[in-house]
Amino acid sequence: MTSGTSTLTKRVLLAAPRGYCAGVDRAVVAVEKALETYGAPVYVRKEIVHNKYVVETLSERGAIFVNETDEVPEGARLVFSAHGVSPAVRESAAARSLDTIDATCPLVTKVHKEAVRFAKDDYDILLIGHTGHEEVEGTAGEAPDHVQVVNSPDEVDQVTVRDPDKVVWISQTTLSVDETMETVRRLREKFPSLQDPPSDDICYATQNRQVAVKKLSPDCDVVIVVGSANSSNSVRLVEVALQAGARSAYRVDRSTEIDEAWLEGATTIGVTSGASVPEILVRDVLTLLERRGFDDVQEVRTATEDLMFSLPRELRAGLKAAGTDDKRPRKESRKQLPLA
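Residues numbered from 1 in each chain as written. Predicted model: local features only at pLDDT ≥ 70, side-chain atom pairs only at ≥ 80, totals over all residues. Heavy atoms only, no water.

**What about the overall build of the protein?**
Which entries qualify depends on this criterion: Secondary structure is summarised from DSSP: a helix means a run of H or I of at least four residues, a strand means a run of E of at least two, and numbering begins at the N terminus for each. Both definitions apply: the radius of gyration is a C-alpha atom measure, and the globule rule equals 2.2 Å times residues to the power 0.38. The buried label goes to any residue with under 20% of its type's maximum accessible area, the exposed label to any with over 50%, and the partly exposed label to all in between, with areas taken from a 1.4 Å probe on protein chains only. Residue contacts are defined here by distance: any two heavy atoms, one from each residue, within 4.5 Å place the two residues in contact. Per-residue and other accessible areas were derived by the Shrake-Rupley procedure at a 1.4 Å probe size, with only the shown protein chains allowed to occlude residues.
Scanning the protein for helices and strands turns up eleven helices and twelve strands. For a compact globule of 340 residues, the expected C-alpha radius of gyration is about 20 Å, and the protein comes in at 21 Å, within 12% of that figure. Considered along the principal axes of its C-alpha atoms, the protein spans approximately 70 × 55 × 30 Å. Each of the 340 residues in the protein was classed as buried or not, and the buried ones make up 52%. The contacts in the protein between residues at least 6 apart in sequence include a share of 76% that link residues at least 24 apart. As presented, the protein carries roughly 15,000 Å² of accessible surface, and 48% of it is formed by carbon and sulfur atoms.

Listed below in structure tokens is the structure:
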């Protein structure tokens, strides 16, 4: 940056990793492959992932999004979203003879299995997450008599358990790492025997995107997070950016939502996207910024991701029967960032 009357250098710090994670990629491709293999309509319970553009695009191709299984004609094909469902939803689908494809992210499935295991051992399970989020509803539904949701550190004082020596915490996969650890810290102060889950519940992609935003935010006048309002991990990225030192941070679904006033006086703008955001939406933001003079784009990479999940078992069987394969274009490279 130069001083005086010289032209200020305008730059963009582009976070990496950003955008699609392995679980989102798997879920979106599952709907695409189902449409290609079986034809429209293919029903999807809730949003397959929390992104308006993705939902609109799949709807145009013949996907029909519903809130509950009773909205699906008996015997039709239904995809469960990446966020997972409770046993009650599975039972409801079976009662309607629905041909289901389970696109639940394997990392969410891991948390479900933890809830089942701890409930079997009669633990009180403290699920750190956001009440009403599909993932939390699905996880809590695995053991409703044993699970209570803790939304934030401020709710810890209201938590009560049957036996303070038999308490464990688990979490929604898309939370702020820092806030979750603060909630755990307060829970452990109240329940010294609190047990940890076998491994981190917050997914690798959520952590990686937060680490990248933390690195670039102190140098940014503005951070723009591409992601939908109901995307927990996208909303968290705005909070993380502000906590890490960005002067301002905003979430947008797409470039047309950027307010020109945000850019006034700015010389460095950070850009990232939530784990359910296709790269095309980020490229649109970069194009808009380039037209406003921010044509120096510098990538800030904190991890390289190459993790991919196989498609749902039911879909792989269908593809095999149809004589097609389950190969798909590889998204940007993915690899898990070692946990601190």
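What follows picks up the thread again.
**Examining helix α7 (residues 204–216)**
For the record, the criterion: Expected span of a helix, by definition, is 1.5 Å for each gap between consecutive residues, and there is one gap fewer than residues.
Here α7 contains 13 residues, and its C-alpha end-to-end distance of 19 Å stays within 8% of the 18 Å for a straight helix at 1.5 Å per residue. Of all 13 residues that make up α7, ten are buried, and the element is covered over most of its length. All buried positions along α7 are accounted for by Y204, A205, T206, Q207, N208, R209, Q210, A212, V213 and L216.

**Let's talk about the sheet that holds strand β2 (residues 42–45)**
Strand pairs in the sheet, formed through backbone hydrogen bonds, run parallel or antiparallel to each other. Filter applied, for reference: Two strands are counted as paired when DSSP detects at least two bridges linking them. Note on geometry: axes are lines fitted to C-alpha atoms, helical ones only across the stretch in contact, with angles between N-to-C directions running from 0 to 180 degrees.
Pairing in this open sheet of four strands is parallel, and the strands run β3-β2-β4-β5 from one edge to the other. Each of the sheet's edge strands pairs with one partner strand only, and the pair in question is β3 (63–66) and β5 (99–102). For this sheet, the mean inter-axis angle between neighbouring strands, taken without regard to orientation, is 30 degrees. Relative to strand β4 (residues 77–80), β2 runs parallel, the two sharing three bridges. Bridging from a neighbouring strand, Y43 pairs with L78 of β4.

**Quick look at the packing of helix α1 (residues 22–38) against helix α11 (residues 313–321)**
What counts is decided by this rule: Here the angle decides the label: under 35 degrees means roughly parallel, over 145 means roughly antiparallel, 65 to 115 means roughly perpendicular, and every other value means oblique. By definition, turning the near helix anticlockwise from the far helix through less than a right angle yields a left-handed crossing, and turning it clockwise yields a right-handed one.
Two elements in contact, α1 and α11, have axes separated by 11 Å at closest approach and are oriented at 30 degrees. Here α11 runs roughly parallel to α1, going by the angle between their axes. Read as a crossing pair, α1 and α11 show a hand that is left-handed. For the pair α1 and α11, contact is made by A30, K33, A34, T37 and Y38 and by E314, L315, G318 and L319, respectively.

**Topic: unusual backbone geometry**
In this chain, A16 is followed by P17 through a cis amide linkage whose omega measures 5 degrees. Take P17: it is sitting in the loop between β1 (11–16) and α1. Of note in the backbone geometry, K46 takes a positive phi value of approximately 60 degrees without being a glycine. Along the chain, K46 falls in the loop between β2 and α2 (52–60). In this structure, D122 is a non-glycine residue whose phi angle is positive, near 65 degrees. Note that D122 resides in the loop between α4 (106–120) and β6 (124–128). A relative accessible area of 37% means that D122 is categorised as partly exposed.

**Digging into the state of the cysteines**
Our working definition: Two cysteine sulfurs form what is called a disulfide whenever their separation falls within 2.5 Å.
Following the criterion strictly, the structure yields zero disulfides and no others. Unpaired in this structure, C105 has its nearest cysteine sulfur neighbour in C21, at a distance of 6.0 Å. Residue classification places C105 among the buried positions, given a relative accessible area of 11%.

**Quick look at the environment of I202**
Along the polypeptide, I202 turns up in the loop between α6 (177–190) and α7. Along the sequence, I202 and L288 sit 86 residues apart, while their C-alpha atoms lie 33 Å from each other. Ignoring any residue separated from it by four or fewer positions in sequence, one finds I202 in contact with S171, Q172, T173, L175, S176, V177, T180 and Q207.

**Things to note about the nonpolar core**
As a rule of thumb, soluble globular proteins bury nonpolar side chains together. Selection criterion: Buried residues of nine kinds, namely Ala, Val, Leu, Ile, Met, Phe, Trp, Tyr and Cys, make up a nonpolar core once their side-chain atoms join them within 4.5 Å.
Within the largest apolar cluster, 32 residues are counted, with the highest numbers of intra-cluster contacts made by V31, I48, V49, V54, V79 and L315. Among residues more than four places away in sequence, those in contact with L315 are A30, K33, A34, Y38 and I101. Listed in part, the 20 residues of the second largest apolar core include V226, W262, V277 and L281.

**Concerning the packing of α7 against helix α8 (residues 232–243)**
Two numbers describe a pair of packed helices, the interaxial angle and the distance between the axes. For the record, the criterion: Throughout, the ten residues Ala, Val, Leu, Ile, Met, Phe, Trp, Tyr, Cys and Pro are labelled nonpolar, Asp, Glu, Lys and Arg are labelled charged, and all others, Gly among them, are labelled polar.
Where α7 contacts α8, the axes come no closer than 9 Å and their chain directions differ by 30 degrees. By the angle class used here, α7 and α8 are roughly parallel. In this structure, α7 meets α8 at a crossing whose hand is right-handed. Contacts from T206, R209, Q210, V213 and K214 in α7 reach N233, R236, L237, V240 and A241 in α8. Among the residues forming the contact of α7 with α8, the class breakdown is four nonpolar, three polar and three charged.

All we've got here are geometric facts, nothing functional implied.
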